[in-house]
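Single-letter residue listing:
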Amino acid sequence: MAKAELPQALTANRLGDGEVVYRTPAGAWSARFAEAAVFGTKADAEKALADAEADVAARRVVAVYLFDVVPGPNGPSPRETREVIRAKGPTVRLDLGKQAGNSAEHGARAS
Amino acid sequence: MYRYDEFDRTLVKERVAQFRGQVARRVAGELTEDEFRPLRLMNGLYLQLHAYMLRVAVPYGTLSSRQMRMLAHIARTYDKGYGHFTTRQNIQYNWPRLGEVPDILDDLASVEMHAIQTSGNCIRNVTSDQYAGAIAEEIEDPRPWAELIRQWSTFHPEFSYLPRKFKIAVTGSPHDRAAVKVHDIGLDLVKSEAGEIGFRVHVGGGQGRTPMIAMTIREFLPKAELLAYLEAVMRTYNRLGRRDNLFKARIKILVHETGQEKFRAMVDEEYALMQGESPIEVPPEEVARIVAYFAPPAFERLPDADPATDRLAAEDRDFAAWLRRNVKAHRAPGYAIVDISLKPIGGVPGDATADQMDLVADLAETLSFDELRVTHEQNLVLPHVRKRDLPELWRRLKAAGLATPNMGLASDIIACPGLDYCNLANARSIPIAQKLSERLADQALQEDLGELKIKISGCINACGHHHVGHIGILGVDRKGTEYYQISLGGSADENTSLGEILGPSFTEDDAVEVVDKILGLYRELRENGESFLQCYRRVGARPFKERIYGAH
């Protein structure tokens, strides 16, 4: 059975701290999924992926890849549980990760 | 405990300096990620779902209070205030920043610790019995031998690029708490009929995608031959292991495809060849030097019973339950082994906060000869506690949420980090552990169910040891939804067995119900105080399959 093609977003981890980031429509990287560009066609998605290689070379990000998103009434959301968890944080520690906002940050050494 | 000598110290310090340089070159663009990845992995640094993850080795699960305090300091200073103790007796930090990892490694080196060989296709941290040197039944303390293997295998040039990772476990007790038969090499210290102590050698066990129980290739290996014989096994594997196929590259595949007799003969042939070269011989004085570090502490001569402890046990049900479940008999009169549960009801198995780590360090320093242990079941142990100190110890542990009296019971669940943290996972492990723990929380129920090992993995790699759980749970991904496959009858002790898959998988909520039904059926079927595992081995899978799937 042929799978219907879903829109995609582009994600990576920041080199310095591993933080999950998303490619924005302006070609920058945001730590918020809500700011991610959503690519409606395979061609657009592949082009964004190719463009992002420049940021890998520039040591901004690592582990770049595309993932499926599902349109919804409150905007798109990641299709797979894995990407939902990356976009929010561990489901067993709501005080950690993006879902915690900036309140639960690193220890004494963190700026 | 073992203390680093000049070689150890220099080696670890040089490695930290080297990694600091590698990180700097990565950040400066002199190394690509493809070039850097193997270098960071050699230092235990992974990239996981949300951040980097640093895996720190705890050799054979033994720590001093000073080391535990440093682990707390690292959690507090560089991470988010906690760490996760793993089924390899290690600790993992889930949120370190790349640029700070060399500082963390420097801090670790200052207390004789590191993250070397906690990843990659090399010999990993050697694991052992958490009650080593304390339990009465022990034939001999396995830790000096684990330490000898650690020294031999650290940076061993011939075994730095094996076909696949390699895990060795050593135990010195007839009752196996180190799961030796599901390791690449498992070693039991045994006594021969002549009264000599040596090793029984098991090779080719493992979990993961293709679980296998190790085959015994040597019934009695004299201690003096340990490293030479291990080297012969490693050479045989290094030469013949399947480098062409990642899924067939572990030694278990080689051993089981070759067959026990033939593999044994191949090792013997290699061993004979080595005798003609320059066999590794560890000088007896070097062995004696290492053994001396593990000499028993200066136990006081004490009466075995402590009246005040017994009185409190008679008066306080909670204390009595804790004594029953979390305190084990020690070899020295008047002393006890204390398990510290990292499985609070509804908690994350194996997680400890920096404050809890500091407390445990204080307790080890003042009440347990400065020693503590990490277990492969993701708990901690104070190995040498005076019985008269038990009431105070219990109160302090209880106040910190560390006295859940559930060791070996239904809520003492092993769970890997799963999809909440891990890049390889297909499903979450921790939430189902939490739900089961809450469902089975009642102390009377748990004690009625008796010894029960529930083990949960979020993917086929089986870090959560589901193949050897009395009840094993494996998370799988079905079209983007998490499902859980249940297996029954596994065990990782001296009667190791692999669990049998019950049938089609369940959603998370259904899986919790199914475990509840399985336990209900066990209570109906058990005879004469049989444990779950004994009962399952007697009746087999059929009644459980009928109960679970009959109604579907």
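Right above here is the structure, for reference.
None of the values given here were measured: they were computed from a predicted structure.

1. Here we look at unusual backbone geometry
Residue and element names in this part refer to chain B. Of note in this structure, Gln378 is not a glycine but carries a positive phi near 70 degrees. Relative to the elements of secondary structure, Gln378 occurs in the loop between β14 (371-374) and β15 (380-386). Positive phi values are uncommon outside glycine, yet Asn528 reaches one of about 45 degrees. Mapped onto the fold, Asn528 is located in the loop between α16 (508-525) and α17 (532-539). For Asn528, a relative accessible area of 82% translates into the label exposed.

2. Notes on the sheet that holds strand β11 (residues 327-329) of chain B
All names here are of chain B. Reading across from one edge, β3-β14-β15-β12-β11 is the order of the five strands in this open sheet, with antiparallel pairing throughout. The open sheet has two free edges, formed respectively by β3 (62-64) and β11, since each of these has just one partner strand. Going across the sheet, the axis of each strand differs from the next one's by a mean of 30 degrees, ignoring polarity. Alignment of β14 against β15, held across two bridges, turns out to be antiparallel. If you follow Arg373 over to β15, its bridge partner there is Val381. Across the sheet, helix α3 (residues 65-77) is in contact with β3, β14 and β15; its angle to β3 comes to roughly 90 degrees.

3. Some thoughts on the packing of helix α12 (residues 354-367) of chain B against helix α13 (residues 390-399) of chain B
Residues and elements named next belong to chain B. Where α12 meets α13, the closest approach of the two axes is 11 Å, and the angle between their N-to-C directions is 170 degrees. In this view, α12 runs roughly antiparallel relative to α13, as classed from their interaxial angle. Contact with α12, carried on its side by Leu359, Asp362, Leu363, Thr366 and Leu367, involves Glu392, Leu393, Arg396 and Leu397 of α13 and no other residues of that element. Each residue belonging to the contact of α12 with α13 can be placed in one class, and the counts come to five nonpolar, one polar and three charged.

4. Describing the interface of chain B and chain A
Facing 36 residues of chain B, the contacting portion of chain A comprises 29 residues. With both chains or domains summed, chain B and chain A bury close to 2800 Å², and 54% of this area falls on carbon and sulfur atoms. The largest contributions to the chain B side of the interface with chain A come from His50, Lys80 and Arg97 of chain B, which together make up 23% of the buried area. Where chain B touches chain A, the interface holds zero salt bridges. Applying the counting criterion to the chain B and chain A interface returns seven residue pairs in polar contact (both at pLDDT 80 or more). Residue assignment for the side of chain B that touches chain A shows that the elements contributing at least two residues are α1 (6-28), α3 and α14 (430-439) of chain B. Along the lines of polarity and charge, the residues of the side of chain B that touches chain A split into 16 nonpolar, eight polar and 12 charged.

5. As for the pairing of strand β4 (residues 82-85) of chain B
Residue and element names in this part refer to chain B. Side chains Tyr82 and His84 of β4 all project onto a buried face; the interleaved residues Gly83 and Phe85 project onto the opposite face, where all are buried too. In this structure, β4 lies alongside strand β13 (residues 351-353), joined through three bridges in antiparallel fashion. Counterpart to His84 in the pairing with β13 is Asp351. When β4 meets strand β5 (residues 91-93), the two strands line up antiparallel, connected through two bridges. Across the sheet, His84 pairs through a bridge with Gln92, a residue of β5. In this antiparallel pair of consecutive strands, β4 and β5, the connection spans five residues, and Gln89 shows a positive phi of 65 degrees.

6. Quick word on the sheet that holds strand β2 (residues 20-23) of chain A
Residues and elements named next belong to chain A. One open sheet holds the five strands; their spatial order is β3-β2-β1-β4-β5, and the pairing between them is antiparallel. The open sheet is flanked by β3 (29-30) and β5 (77-78), the only strands paired with a single partner. Two elements, β2 and β3, share two bridges in a ladder whose sense is antiparallel. Across the sheet, residue Tyr22 finds its bridge partner in β3, namely Ser30.

7. Some points on the environment of Ala136 of chain B
Residue and element names in this part refer to chain B. In this fold, Ala136 is placed in the loop between β6 (127-128) and α5 (143-153). Assessed through its relative accessible area of 53%, Ala136 is described here as exposed. Filtering out sequence-adjacent residues up to four positions away, Ala136 remains in contact with Ala329, His330 and Arg331.

8. So, the pattern of salt bridges
All names here are of chain B. Throughout the structure, instances matching the rule amount to 68 salt bridges over all chains. Ionic pairing is found between Arg9 and Glu112, a salt bridge with its closest N-O pair at 3.9 Å. Here Arg9 is found in helix α1, whereas its partner Glu112 is found in the loop between α4 (101-110) and β6, with 103 residues between them in sequence. Since its relative accessible area comes to 34%, Arg9 is described here as partly exposed. With a relative accessible area of 10%, Glu112 lands in the buried category. Residue Arg331 pairs with Glu138 through a salt bridge whose shortest N-O separation is 3.1 Å. Highlighted residues: Arg331 in the loop between β11 and β12 (335-340) and Glu138 in the loop between β6 and α5, separated in sequence by 193 residues. By sharing partners, the salt bridges in this structure join Glu158, Glu231, Arg235, Arg239 and Glu270 into a single network.

Reading guide: rules and limits
Residues numbered from 1 in each chain as written. Chains lettered and ligands numbered in written order. Predicted model: local features only at pLDDT ≥ 70, side-chain atom pairs only at ≥ 80, totals over all residues. Heavy atoms only, no water. Helix = DSSP H or I, 4+ residues; strand = E, 2+ residues; numbered from the N terminus. Buried < 20%, exposed > 50% of the residue type's maximum accessible area, 1.4 Å probe, protein only. Pairing = 2+ DSSP bridges. Axes fitted to C-alpha atoms, helices over the stretch in contact; angles between N-to-C directions. Contact = heavy atoms within 4.5 Å. Parallel < 35°, antiparallel > 145°, perpendicular 65-115°, else oblique. Nonpolar A, V, L, I, M, F, W, Y, C, P; charged D, E, K, R; others polar. Buried area = accessible area lost by both parts, 1.4 Å probe. Salt bridge = Lys/Arg side-chain N within 4 Å of Asp/Glu carboxyl O. Polar contact = N/O pair within 3.5 Å; in protein donor to acceptor, adjacent residues only side chain to side chain.

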